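An overview of the molecular structure
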Amino acid sequence: MRRTRFDDWPCPIARTTDLLGDWWTPLVLRQAFFGQRRFDEIQEAIGIPRAVLTDRLGRLVSEGVLDKRAYQERPVRYEYRLTDQGRDLWGVLAAMWRFGEDWRFADDPEENILELVDRDTGRRIEPMVVDAETGEPLDVRRVRVRVRGGGEGAGR
């Protein structure tokens, strides 16, 4: 089945969905954020089929999210490092993390064996999306969408 592309839509959510909109890509990125850079490490950690991982890594490299660097010459082997653009995706994954903690494990909080902690203090971290200008948490009830130039809309 052919996938619908959203990469030319004027909506930031649609364009990001075009990049992240399958179930493997966010998990590949999660592993990159956790420090796994090599194909075999990522493949083993999440159980992704090798051909699918090759495809996802290739797309992330071509989109500028990951940088592909040789770490061995014979045979040539590569590692994949997050670019500045890739590191900026952490906020997206952190929001997904928070939603998963709040709603997907809400019935049994002990079921969630992974948690985010501060590297230095070990204190548990709860991600939150905030307005960059005010630092206030975003509340959908206080947000509206408009087209740049003054119009309103949330469509294509």
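As a starting point, this report considers the structure included with it. Note that the structure is predicted; figures quoted are calculated from it, not measured. (Residues numbered from 1 in each chain as written. Predicted model: local features only at pLDDT ≥ 70, side-chain atom pairs only at ≥ 80, totals over all residues. Heavy atoms only, no water.)

Let us look at a nonpolar patch on the surface. Taken together, the side chains of Phe34, Trp90, Ile113 and Leu114 define a hydrophobic patch exposed on the protein surface, amounting to about 420 Å² of accessible area. Within the secondary structure layout, Phe34 lies in the loop between α2 (25-33) and α3 (39-46). (Patch = residues over 30% accessible without salt bridge, like charges linked within 9 Å, V, L, I, M, F, W, Y side chains within 5 Å. Areas by Shrake-Rupley, 256 points an atom, 1.4 Å probe, with all protein chains shown as cover. Salt bridge = Lys/Arg side-chain N within 4 Å of Asp/Glu carboxyl O. Helix = DSSP H or I, 4+ residues; strand = E, 2+ residues; numbered from the N terminus.)

Taken together, the six bridges between strand β1 (residues 66-72) and strand β2 (residues 77-82) define a ladder with antiparallel strand orientation. Bridge pairing in β2 places Arg69 opposite Glu79. Taken together, β1 and the strand that follows it, β2, pair antiparallel across an intervening segment of four residues. (Pairing = 2+ DSSP bridges.)

Let us now look at the pattern of salt bridges. Evaluation of the coordinates by the stated rule reveals 15 salt bridges. When the shortest N-O distance is used, the salt bridge between Arg98 and Glu126 registers 3.5 Å. With a gap of 28 residues between them, Arg98 in helix α6 (residues 90-104) and Glu126 in the segment after α6 connect regions that are remote in the sequence. Under the relative-accessibility criterion, Glu126 is labelled partly exposed at 45%. Here Glu126 ties to Arg124 by a salt bridge, and the two come within 3.1 Å at their closest N and O atoms. (Buried < 20%, exposed > 50% of the residue type's maximum accessible area, 1.4 Å probe, protein only.)

Take helix α4 (residues 50-62) next. Taking 1.5 Å as the rise per residue, α4 with 13 residues should run 18 Å; its terminal C-alpha atoms sit 18 Å apart, in good agreement. Those residues of α4 lying buried are Leu53, Arg56, Leu57 and Leu60. What you see down the axis of α4 is that its buried residues fit within an arc of 95 degrees, all on one side. Seen from the buried face of α4, the exposed residues on the opposite side, beyond 90 degrees, are Ala51 and Ser62. Just downstream of α4 lies Gly64, where phi reads positive at about 85 degrees. (Expected span 1.5 Å × (residues − 1). Arc of directions from axis to C-beta.)

Moving on, we come to the side chain of Glu79. Here Glu79 shows up in strand β2. Polar contacts involving the side chain of Glu79 include one to the side chain of Arg81, which spans 2.7 Å. The contact partners of Glu79, leaving out residues within four places of it in the chain, are Arg37, Arg38, Asp67, Lys68, Arg69 and Tyr71. (Polar contact = N/O pair within 3.5 Å; in protein donor to acceptor, adjacent residues only side chain to side chain. Contact = heavy atoms within 4.5 Å.)

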